[in-house]
Amino acid sequence: TVPAEAGVFLPPDGMVANSTLIKLSTNASAGPVAAQTAGSSPAMGVFGGEATRLRYAPAEFQSDGTPFLEGRVASVTLGFALNRVIEAGEVVFATLFGFTRTGGDATTSGLVDKNGTGTGGNLTLVDTNGVFANFINASWDDSLSRLSLTATQQVPAYQRHVVLVPSSAGIRLPSVGLTENDDRLRIGTDAAAGPNTGTPIQRSPALSRVCGAECAVWNVECGSCECGEGVCSS
């Protein structure tokens, strides 16, 4: 095993499974071997083309018309394209640090989608690609702050999607704040042709912290407002 500390970088365009570009050789005096293709190597997908993007729009407003943001419900838009085919039933997921869903439970009943239909643990989305509306269903895992988008049909490589999660889905912005292009916001996929365990979303706006003054220090790395700088409570 070559450790990460060795500084070896994976190909920027990913790899297909059993790539002929992966070769092994040795100059061992007892039996040198010329370069030959490795018998097996995994696939790896990359989110390419236009930058991956996360945007959000407020859904709650103060009496003077200014929006509530931190910790409040918002619509969320995710833009992406994978350089490998995504088959029906495969998932693109976004791990959204600090985000929660109304009730704090992925199976909260009573949540509604854009059509006013109860969703339970599932969400109904709007894939703004029109005829390429491959992502119209999703789920939320509050324990991982993870939004999973399920492909309803095959998605060609490099086809860009901009998926809107309406505010009625109950997704809440973090209370702890985010930096611009925060690398704790990540996107990945389980697509067999090009899995990706999660890479930073390239473009996302900053968000101020709103933790109160009752603590001298806030442990903002926990994803919620917690006193102190110690270990997170969960």
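Before reading further, recall that the structure is shown in the block above.
These figures come from a predicted structure and were not determined experimentally.

Caption draft 1: Geometry of the pattern of salt bridges. Per the stated rule, a full pass over the model turns up three salt bridges. The partner of E50 in a salt bridge is R160, with the nearest N and O atoms 3.5 Å apart. On the criterion of sequence distance, the pair formed by E50 in the loop between β2 (33–37) and β3 (53–58) and R160 in the loop between β12 (146–151) and β13 (161–165) is long-range, its members being 110 residues apart. For E50, a relative accessible area of 47% translates into the label partly exposed. Since its relative accessible area comes to 19%, R160 is described here as buried.

Caption draft 2: Here's a closer look at the nonpolar core. Ranked by internal contacts, the top residues of the largest apolar core, which has 33 residues, are F80, F99 and F135. Going through the elements one at a time, β3, β6 (74–80), β7 (91–96), β11 (135–141), β12, β13 and β15 (185–189) are the ones with two or more residues in this core. Among the elements that take part in this core, β6 stands out by supplying four residues, more than any other.

Caption draft 3: Structural context of the pairing of β12. Of the pairings in the sheet, the one linking β7 to β12 comprises five bridges and is antiparallel in character. Bridging across to β12, V91 finds its partner in T150. Here β11 pairs with β12 via six bridges, running antiparallel. From the neighbouring strand, N137 faces β12, where its bridge partner is T150. The turn linking β11 back onto β12 is made up of four residues, and S145 within it adopts a positive phi angle of 50 degrees.

Caption draft 4: Region of the structure containing the environment of Q159. Along the chain, Q159 turns up in the loop between β12 and β13. Here Q159 falls in the buried class, since its relative accessible area comes to 14%. The spatial distance from the C-alpha of Q159 to the C-alpha of F80 is 8.4 Å, given a sequence separation of 79 residues. Within the structure, the side chain of Q159 is placed 2.7 Å from the side chain of H161, a separation counted as a polar contact.

Rules used in this analysis
Residues numbered from 1 in each chain as written. Predicted model: local features only at pLDDT ≥ 70, side-chain atom pairs only at ≥ 80, totals over all residues. Heavy atoms only, no water. Salt bridge = Lys/Arg side-chain N within 4 Å of Asp/Glu carboxyl O. Helix = DSSP H or I, 4+ residues; strand = E, 2+ residues; numbered from the N terminus. Buried < 20%, exposed > 50% of the residue type's maximum accessible area, 1.4 Å probe, protein only. Core = buried A, V, L, I, M, F, W, Y, C linked by side-chain atoms within 4.5 Å. Pairing = 2+ DSSP bridges. Polar contact = N/O pair within 3.5 Å; in protein donor to acceptor, adjacent residues only side chain to side chain.

Limitation: the analysis is restricted to geometry and does not speak to function.
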